[in-house]
Amino acid sequence: MVATFHVKDVTATSAYVSKIVATYRAPVKSKAVVLGGQQFYQGDGKQLLANDVGKIGTLQGGGKWTQTHVINKRVSFAKGAAIFKRRASISQAPGTKEAGWCGGPAGLEIKVRPR
């Protein structure tokens with residue numbers, strides 16, 4: 001996952017996040033990636049983005065999917081970094097006897113904080 005955060009009015013204690021543009025890739029052609037729920041929350045646990053079911057779906061192997069998550073909120077760093085989290089699951093290669101642990105659930109996490 002590559003994520004670009006669009007921010008303004010950044011201070012040592014907060015930043016205004018207008019959106020997050022994230023690109024997800026499924027580099028192995030025989031393995032699909034199911035993109036699950038996404039969240040963005042600040043260090044005190046306050047949710048700034050909860051699961052957007054319209055952004056949940058399957059990314060076919062070898063493909064990429066770019067999604068824009070609109071935030072339009074001020075993020076406080078008073079209790080630590082803000083976190084963008086994405087759940088995902090990688091499929092087993094079809095028609096193989098690949099072990100079950102070669103796929104399965106995963107998560108991606110990016111922490112945002114001032115310098």
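These numbers come from a predicted model, not from an experiment.

Criteria and thresholds
- Residues numbered from 1 in each chain as written.
- Predicted model: local features only at pLDDT ≥ 70, side-chain atom pairs only at ≥ 80, totals over all residues.
- Heavy atoms only, no water.
- Pairing = 2+ DSSP bridges.
- Helix = DSSP H or I, 4+ residues; strand = E, 2+ residues; numbered from the N terminus.
- Axes fitted to C-alpha atoms, helices over the stretch in contact; angles between N-to-C directions.
- Core = buried A, V, L, I, M, F, W, Y, C linked by side-chain atoms within 4.5 Å.
- Buried < 20%, exposed > 50% of the residue type's maximum accessible area, 1.4 Å probe, protein only.

1. With respect to the sheet that holds strand β1 (residues 2-8)
- Within the open sheet, the three strands sit side by side as β1-β2-β6. Their pairing is antiparallel. Among the strands making up the open sheet, the edge pair consists of β1 and β6 (64-76). Put simply, the sheet's adjacent strands are angled 15° from each other on average, direction ignored.
- Where strand β2 (residues 14-25) lies against β6, eleven bridges are found, and the strand directions are antiparallel.

2. What about the nonpolar core?
- Formed by 20 residues in total, the largest nonpolar core has its most connected members in I20, F40, I71, V75 and F84.
- At the level of secondary structure, the elements contributing two or more residues to this core comprise β2, β3 (33-41), β4 (47-49), β6 and β7 (82-90).
- Broken down by element, this core gets its largest block of residues, five residues, from β2.

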